[in-house]
Amino acid sequence: MSGVRTTVGWQVHAEGVARLRESWAAVPRGAPVRLAKRTSNLFRGRSAAGPGLDVSGLEGVIEVDGDVAEVQGMCTYEHLVEVTLAHGRIPLVVPQLRTITLGGAVSGLGIEATSFRSGLPHESVLEMDVLTGSGEVVTTKPGDALFDAFPNSYGSLGYATRLRIELEPVAPYVALRHVRFDDADALAAAVERIVADGAWAGEQVDGLDGVAFEPGELYLTLARWTDDPGPTSDYTRQQVFFRSVQERSTDRLTIHDYLWRWDTDWFWCSRAFGAQHPVVRRLWPRRLRRSDVYWRLVALDRRLGIGDRLDRRAGRPQGERVVQDVEIPVDRLPEFLDWFDREVGMRPVWLCPLRLRRVAADTERPWPGYPLSSGETYVNVGFWGVVNVGPDAPRSPRNRAIEARVSELGGHKSLYSEAFYDADEFDRLYGGEELTRVKALHDPDDRLTTLYDKVVRRR
Ligand SMILES: Cc1cc2nc3c(=O)[nH]c(=O)nc-3n(C[C@H](O)[C@H](O)[C@H](O)COP(=O)(O)OP(=O)(O)OC[C@H]3O[C@@H](n4cnc5c(N)ncnc54)[C@H](O)[C@@H]3O)c2cc1C
């Protein structure tokens, strides 16, 4: 069938790695190294740099063999899922934005509705090849210092060119239940129950996430894989998925549409561009209702300052961009949501429970770069938008307050967006000592930008 993506094989992969290494050799010493990728889901500006490493030959799936896939580092989940679904399988965790790549989700962390039982994407990696700062391509496995420090390194330890990952069998359909809670305490208790039992009200739960619309109105969406045929909903047309969470108590989607349910409207963020207005939506080509299109519009706004000008014209105080995902221990979630609604006031927020898959004998924090505790349930809270704070906006007061509150509650903040920590605090929170040790081993000439310089100093 034409147009359906298939595997590329080892020869094509070897050619892709060779092209990457040629482009590495061409980077002058001392010049910043970065990837020449076609898409990104980073949400922080960064300084312009040279042409970038040629990764155009590393965007495919090498092979699928039963419950294991060999995947190139720059392969998007949209592409990966298209190939694995043809084998009736999916990766254990599929982040919900189509252009997130496997390498980006492993080095920049990822999360989705199966994380309550399958952990994070890097926890189902069996082996990977990494182009390190020494220019070598190193094969690394769980337990190796490089492998264990790689998650949350954001390219500061090198670039994954190949990843061997686990897959799980999946059914063609998904039955959904949207369960309402009047307070966050009840929702947090339900999360702990579902994590423990893998079920709710006697029915299996295969996917778990939720939305807090406002203090008294929160939902958990419980997904169950099913072979039962029957009608399914389609939220790529006039209907908008996040609205259905409030309007329906049950629903059905194909597994494909379930995986991309949040991408079509970037959760709820497409409304900032008018894409949820019925007339605009009818005119907005369906194939362009995707997160990477909205991401480009935001990049354009960042360059042209359209949002700021509209705020000034409307007499609104200057806006501060607040785009973050944070992990909060489940028993502190009500406290965080209460504080967040009072001090930041963004609504709605996304909720995604997670529990690490890896349990290590010698430490309760098996991933040094993002030291969550194994055996503890967290809830990822995601919020993306602008808060009109006034002339103080350039100092990012809300973002800084969120950083402080998350640390007070024993949580963690993902680093794909803006961060303001001082160097000591950053090292304490993100395993700076181990990162520095591993970087010295594999990048003795410091060719790759450090994590702190990338994330906080935005170099
Ligand atoms: C609005 C918004 C919501 C988000 N929500 C979620 C969410 O709910 N779930 C989720 O999983 N993620 C979420 N993300 C974060 C996203 O997953 C991370 O930013 C991820 O790192 C992006 O991956 P990417 O493939 O697009 O990589 P890029 O954005 O291109 O790069 C991200 C970083 O990873 C490095 N990198 C990229 N490829 C490789 C590689 N092969 N080897 C080593 N390093 C590499 C880059 O150098 C860069 O530092 C969200 C992001 C945004 C903007």
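Preceding block: the structure.
Residues numbered from 1 in each chain as written. Predicted model: local features only at pLDDT ≥ 70, side-chain atom pairs only at ≥ 80, totals over all residues. Heavy atoms only, no water.

**Re a nonpolar patch on the surface**
Argument step 1. On the surface, Leu-300, Leu-304, Ile-306 and Leu-310 cluster together to form a nonpolar patch covering roughly 310 Å² of accessible area.
Argument step 2. Of all the secondary structure elements, the ones that give two or more residues to the nonpolar patch are helix 10 (291-304) and helix 11 (306-313).
Argument step 3. Relative to the helices and strands, Leu-310 is located in helix 11.
Argument step 4. The exposure class of Leu-310 is partly exposed, given its relative accessible area of 46%. (Patch = residues over 30% accessible without salt bridge, like charges linked within 9 Å, V, L, I, M, F, W, Y side chains within 5 Å. Areas by Shrake-Rupley, 256 points an atom, 1.4 Å probe, with all protein chains shown as cover. Salt bridge = Lys/Arg side-chain N within 4 Å of Asp/Glu carboxyl O. Helix = DSSP H or I, 4+ residues; strand = E, 2+ residues; numbered from the N terminus. Buried < 20%, exposed > 50% of the residue type's maximum accessible area, 1.4 Å probe, protein only.)

**Observations concerning the layout of surface pockets**
Argument step 1. A volume near 270 Å³ is recorded for the second largest pocket.
Argument step 2. Taken together, Arg-5, Lys-37, Arg-38, Thr-39, Glu-59, Met-74, Thr-76, Glu-78, His-79, Thr-99, Thr-101 and Arg-290 form the lining of the second largest pocket.
Argument step 3. Split by residue class, the lining of the second largest pocket holds one nonpolar, five polar and six charged. (1 Å grid on protein atoms, 1.4 Å probe; cavity = no way out; pocket = protein on both sides within 12 Å on 5 of 7 lines; lining within 4 Å. Points joined across faces, edges and corners; volume = space filled by probe spheres on them. Nonpolar A, V, L, I, M, F, W, Y, C, P; charged D, E, K, R; others polar.)

**Regarding the site of the ligand**
Argument step 1. What surrounds the ligand is a group of 33 residues, the closest being Lys-37, Ser-40, Thr-101, Gly-110 and Ile-111.
Argument step 2. Here an oxygen atom of the ligand and a side-chain polar atom of Gln-96 are 3.1 Å apart.
Argument step 3. When the ligand sits alone it has 950 Å² of accessible area, and the protein chains cover 97% of it.
Argument step 4. The leading source of residues in the shell around the ligand is helix 3 (residues 102-108), at four residues.
Argument step 5. Across the shell around the ligand, the residue classes tally to 16 nonpolar, 14 polar and three charged.
Argument step 6. Mapping the shell around the ligand onto the domain boundaries places at least three of its residues in each of domain 1 (9-170) and domain 2 (305-420). (Near = heavy atom within 4 Å. Polar contact = N/O pair within 3.5 Å; in protein donor to acceptor, adjacent residues only side chain to side chain. Domains from an automatic or database assignment.)

**Some thoughts on the pattern of salt bridges**
Argument step 1. Within this structure, the stated rule accounts for 44 salt bridges.
Argument step 2. For Glu-127, the salt bridge identified is with Arg-164, shortest N-O distance 3.5 Å. Of the two residues, Glu-127 sits in strand 4 (residues 125-131) while Arg-164 sits in strand 6 (residues 159-169), which places them 37 residues apart along the sequence.
Argument step 3. Looking at Glu-127, the relative accessible area reads 7%, which means it is buried.

**Considerations on the packing of helix 12 (residues 333-343) against helix 13 (residues 397-408)**
Argument step 1. For the pair helix 12 and helix 13, the least separation of the axes is 12 Å and the interaxial angle reads 165 degrees. By the angle between their axes, helix 12 is roughly antiparallel relative to helix 13. Relative to helix 13, helix 12 is oriented so that their crossing is right-handed. Taking contact as the criterion, the partners of Glu-335, Phe-336, Trp-339, Phe-340 and Glu-343 in helix 12 are, on helix 13, Arg-398, Ala-401, Ile-402, Arg-405 and Val-406.
Argument step 2. Residues that form the contact of helix 12 with helix 13 fall into these classes: six nonpolar, no polar and four charged. (Axes fitted to C-alpha atoms, helices over the stretch in contact; angles between N-to-C directions. Parallel < 35°, antiparallel > 145°, perpendicular 65-115°, else oblique. Left-handed = near helix turned anticlockwise from the far one by under 90°. Contact = heavy atoms within 4.5 Å.)

**Digging into the packing of helix 6 (residues 184-197) against helix 12**
Argument step 1. Running from amino to carboxyl end, helix 6 crosses helix 12 at an angle of 145 degrees, the nearest separation of the two axes being 8 Å. Crossing of helix 6 over helix 12 shows right-handed handedness. Taking contact as the criterion, the partners of Ala-184, Asp-185, Leu-187 and Ala-188 in helix 6 are, on helix 12, Leu-333, Pro-334 and Leu-337.
Argument step 2. Here the residues of the contact of helix 6 with helix 12 are counted per class, giving six nonpolar, no polar and one charged.

**So, the pairing of strand 15 (residues 377-388)**
Argument step 1. Burial of strand 15 is extensive: nine of the twelve residues sit out of reach of the surface.
Argument step 2. Of the strand pairs in this sheet, strand 13 (residues 319-329) and strand 15 are connected by eleven bridges, and their pairing is antiparallel. Residue pairing in the sheet places Asp-325 in a bridge with Gly-382 of strand 15.
Argument step 3. Relative to strand 15, strand 14 (residues 349-355) runs antiparallel, the two being bridged by six bridges. Within the sheet, the bridge partner assigned to Cys-352 lies in strand 15 and is Asn-380. (Pairing = 2+ DSSP bridges.)

**Let's talk about helix 6**
Argument step 1. The end-to-end C-alpha distance of helix 6, which contains 14 residues, comes to 20 Å, matching closely the 20 Å that a straight helix rising 1.5 Å per residue would cover.
Argument step 2. Regarding helix 6, the residues found buried are Ala-184, Leu-187, Ala-188, Ala-190, Val-191, Ile-194 and Val-195. One side of helix 6 holds all its buried residues, which, seen down the axis, span an arc of 160 degrees. When the buried face of helix 6 is taken as reference, the exposed residues oriented beyond 90 degrees from it are Asp-185 and Ala-196.
Argument step 3. At the exit of helix 6 stands Gly-198, carrying a positive phi of roughly 70 degrees. (Expected span 1.5 Å × (residues − 1). Arc of directions from axis to C-beta.)

**Focus: the packing of aromatic side chains**
Argument step 1. Under the defined criterion, the tally for this structure stands at 27 aromatic pairs.
Argument step 2. Taking the centre distance of 5.4 Å and the plane angle of 75 degrees together, the rings of Tyr-235 and Phe-241 count as edge-to-face.
Argument step 3. On the basis of relative accessible area, Phe-241 is assigned to the buried category, the value being 2%.
Argument step 4. Each residue in the set Phe-213, Tyr-219, Tyr-235, Phe-241, Phe-242, Trp-262, Phe-267, Trp-268, Trp-350 and Trp-384 is aromatic and connected to the rest through ring pairs, giving one cluster.
Argument step 5. Note that Arg-358 overlies the ring of Trp-367, its terminal NZ or CZ placed 3.9 Å from the centroid. (Phe/Tyr/Trp six-rings, centres within 6.5 Å; stacked < 30°, edge-to-face > 60°. Lys NZ or Arg CZ within 6 Å of the ring centre and 35° of its normal.)

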